Amino acid sequence: MKLKAIVETLGCKVIYKGGAFDTKDVRNVIASDLMSDVLVVDKDHLLLITSLPSDQTIRTSDIVGAHAVLVVNNKSLPASMVSLAKELDVTLMQSPLTKFESCVMIGKLMNPT
Amino acid sequence: MKAIPVNPEQSPLVILDLLFKLKIKDVMSSPVITAMRKDPMRKVQYLMRDNRISGVPVAERGRLFGIVSINDIIQALDGGYSDDAVALHMTTQMVVLEEDMPLSFGISYFEKFKFGRFPVLNKENRLVGILSSRDVSASLLVELHNEYHKLEAKLPLAAIKDVNTITRHFRVERFDFENAGKAAHAIKKILSEQNYPPALIRRVAVAAYEMEINLVVHSLGGTFTFHMDPEKVELLAADEGPGIPNVELAMQEGYTTANDWIKSLGFGAGMGLNNIRRNADEFNIQSAVGRGTTVRATILLPSERDKPQPT
């Protein structure tokens, strides 16, 4: 699943478009506001869905090698978070939907049946 | 075989530069062992034997008259005229060098004239030295040795160190969330540059990040050290307190002493220490209340052979 498909289906705003945006496939998704939970996930090609807009969300994504962070509920993003996303080249997107709605729609995108 | 196996026209620039920079007077043997015209050939023979040389210029008060080579001596022995004066049998058709000529000139003379040595004169045409191929080889070796040292000093130190081990120290302050993760990111970058598999890089990065977060959240501040050699990565977090009263309890998943502020940042779920242990091949924690805590995690690296080649 390409990040572009998620952006189009959910009506996301792309805050920062990283190098992985057009090239990498998302194969695993974790939805969590607890970075400790994200850090125990042992999967690659990851998308992180969260309602925690913080610098450490970006740092955590960088450490686990996630392709992108999707912040739900149109939460406003601190400027430091955006600049860190640029610095570490982590794609940062904003969804107008709730976390549950975002997850459902991405789930359908991944498993169309 | 060439007398001097260096081409004074087609060599690396460092050599060409040396051959031009060095003058004959820098390389020649001086003072010179000489004979006088009236000396018997036998005396020159002894001079050669005692000084282990194969050519003796004939000169008086700096003025050069000729040269006697070992070949002339052999012929004198053969012809039975070793008691004759040198003046009768010396070579007078000579090729000489001037002391201010560049060494490249001297080398080309060895090729051109096939002599084993050349007398060296100064501007006043006085004999000041003698140049043999041995003098050239020895001085070139010394000069190349010096040049090599200079070139080596210019190499970036990191590039040499990277071959074997890399060590990085990071200072981590209490509650400094802004910088937590910088060390882990730097470590991730080092390993990525060396083409280790992504899964292994993630294990090291996650362990390092959890250790940094622990230092920020729980300690009064401390140091974080990354050390790698070809076999393993070692991560060491050492803080200055307050220490953990019950390490066994702290290791239990879900047990936490983190406050709400830390939890609001997405941490402090009581999972960090376990996650470090899970990602490490060796894990060790030591703590003393009032003194501090040391956490060490070792991750073994695949051998060079197993390492994927860059694509």
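Residues numbered from 1 in each chain as written. Chains lettered and ligands numbered in written order. Predicted model: local features only at pLDDT ≥ 70, side-chain atom pairs only at ≥ 80, totals over all residues.

Caption draft 1: View of the overall build of chain B. Along chain B, the regular secondary structure elements total 13 helices and 10 strands. Residues counted as buried form 30% of the 311 residues belonging to chain B. Summarising the internal contacts of chain B: among those between residues at least 6 apart in sequence, 63% fall at separations of at least 24. (Helix = DSSP H or I, 4+ residues; strand = E, 2+ residues; numbered from the N terminus. Buried ≥ 20, exposed ≤ 12 C-beta atoms within 10 Å, placed from the backbone. Contact = placed C-beta atoms within 7 Å.)

Caption draft 2: Representation of the overall build of chain A in the model. Within chain A, the regular secondary structure consists of 5 helices and 5 strands. A burial count over chain A gives 42% of its 113 residues as buried. A fraction of 53% describes how many contacts in chain A between residues 6 or more apart in sequence connect residues 24 or more apart.

Caption draft 3: Quick peek at the sheet that holds strand β5 (residues 91-94) of chain A. Residue and element names in this part refer to chain A. Strand order in the open sheet made by the 5 strands is β1-β5-β4-β3-β2, with mixed pairing throughout. Both edges of this open sheet fall to β1 (13-16) and β2 (28-31), since each of them pairs with a single strand only. Averaged over all neighbouring strand pairs, the angle between strand axes comes to 25°, with direction disregarded. Bridge count between strand β4 (residues 68-71) and β5: 4 bridges; the pairing is parallel. What sits directly across from Ala 68, in β5, is Thr 91. (Pairing = 2+ DSSP bridges. Axes fitted to C-alpha atoms, helices over the stretch in contact; angles between N-to-C directions.)

Caption draft 4: Inspection of the nonpolar core at higher detail. Core analysis: the biggest nonpolar cluster contains 67 residues, and Leu 70 of chain A together with Ala 207 and Ala 208 of chain B have the highest contact counts within it. It is helix α10 (residues 198-218) of chain B that provides the largest number of residues to this core, a total of 12 residues. Look past the residues within four positions of Ala 208 of chain B in its chain and what remains in contact with it is Ala 183, Ala 184, Ile 187, Phe 226 and Leu 235 of chain B. Core analysis: the second largest hydrophobic core is formed by 14 residues, Leu 19, Met 28, Leu 97 and Leu 131 of chain B among them. (Core = buried A, V, L, I, M, F, W, Y, C linked by C-beta atoms within 7 Å.)

Caption draft 5: Representation of unusual backbone geometry within the structure. With omega at 0°, the peptide bond leading from Ser 30 of chain B into Pro 31 of chain B counts as cis. Secondary-structure assignment places Pro 31 of chain B in the loop between α2 (24-27) and α3 (41-51). The residue after Gly 241 of chain B, namely Pro 242 of chain B, is reached through a cis peptide bond having omega 5°. Secondary-structure assignment places Pro 242 of chain B in the loop between β8 (232-239) and α11 (247-250). If you check the backbone angles, Asn 73 of chain A has positive phi at about 65° while not being a glycine. Position of Asn 73 of chain A among the secondary structure elements: in the loop between β4 and α4 (79-88).

Caption draft 6: Representation of the interface of chain B and chain A in the model. Contacts between the two partners involve 20 residues from chain B and, on the opposite side, 18 residues from chain A. Among the secondary structure elements, those contributing two or more residues to the side of chain B that touches chain A are α9 (182-193), α10 and α13 (272-279) of chain B. It is α10 of chain B that provides the largest number of residues to the side of chain B that touches chain A, a total of 6 residues. By residue class, the composition of the side of chain B that touches chain A is 11 nonpolar, 5 polar and 4 charged. (Nonpolar A, V, L, I, M, F, W, Y, C, P; charged D, E, K, R; others polar.)

Caption draft 7: Highlighting the pairing of strand β1 (residues 55-60) of chain B. Residue and element names in this part refer to chain B. Bridge count for β1 against strand β2 (residues 63-69) is 6 bridges, and the pairing is antiparallel. Pairing of Gly 55 across the sheet is with Ser 69, part of β2. Connecting the antiparallel pair β1 and β2 is a turn made up of 2 residues, with Arg 61 showing a positive phi of about 45°.

Caption draft 8: Layout of the environment of Phe 115 of chain B. Residues and elements named next belong to chain B. Tracing the backbone shows Phe 115 in the loop between α6 (103-113) and β4 (117-121). Looking at Phe 115, the number of C-beta atoms within 10 Å reads 19, which means it is partly exposed. A C-alpha to C-alpha distance of 9.4 Å links Phe 115 and Ser 133, two positions 18 residues apart in sequence.

Caption draft 9: Quick peek at the sheet that holds strand β5 (residues 127-132) of chain B. Pairing is mixed across the open sheet formed by 3 strands, whose spatial order is β3-β4-β5 (chain B). Edge positions in the sheet fall to β3 (97-98) and β5 of chain B, since each has one partner strand and no second.

Caption draft 10: Summary view of the environment of Asn 74 of chain A. All names here are of chain A. Mapping Asn 74 onto the fold places it in the loop between β4 and α4. For the pair Asn 74 and Gln 94, spaced 20 residues apart in sequence, the C-alpha separation works out to 5.8 Å. For Asn 74, the contacting residues outside a window of four places in its chain are Gln 94 and Pro 96.

Caption draft 11: Expanded view of the packing of helix α1 (residues 3-10) of chain A against helix α5 (residues 99-110) of chain A. Residue and element names in this part refer to chain A. It is at 10 Å that the axes of α1 and α5 come closest, and there the two elements cross at 130°. The angle between α1 and α5 falls in the class oblique. In this structure, the crossing between α1 and α5 has a hand that is right-handed. Between α1 and α5, the residues in contact are Ala 5, Ile 6, Thr 9 and Leu 10 and Ser 102, Met 105, Ile 106 and Leu 109, respectively. Considered class by class, the residues forming the contact of α1 with α5 number 6 nonpolar, 2 polar and no charged. (Parallel < 35°, antiparallel > 145°, perpendicular 65-115°, else oblique. Left-handed = near helix turned anticlockwise from the far one by under 90°.)

Caption draft 12: Expanded view of the confidence of the model for chain B. Residues and elements named next belong to chain B. Looking at chain B as a whole, the pLDDT averages 88, with 94% of positions reaching at least 70. Within chain B, helix α8 (residues 157-161) has the poorest average pLDDT of any element, 48, and strand β10 (residues 292-300) the best, 95. Interface confidence for the predicted complex, expressed as ipTM, amounts to 0.90; the pTM equals 0.60. (pLDDT = per-residue confidence, 0-100.)

Caption draft 13: Spatial organisation of the environment of Arg 61 of chain B. When you line up the elements, Arg 61 of chain B lands in the loop between β1 and β2. With 66 residues separating them along the chain, Arg 61 of chain B and Leu 127 of chain B place their C-alpha atoms 8.7 Å apart.

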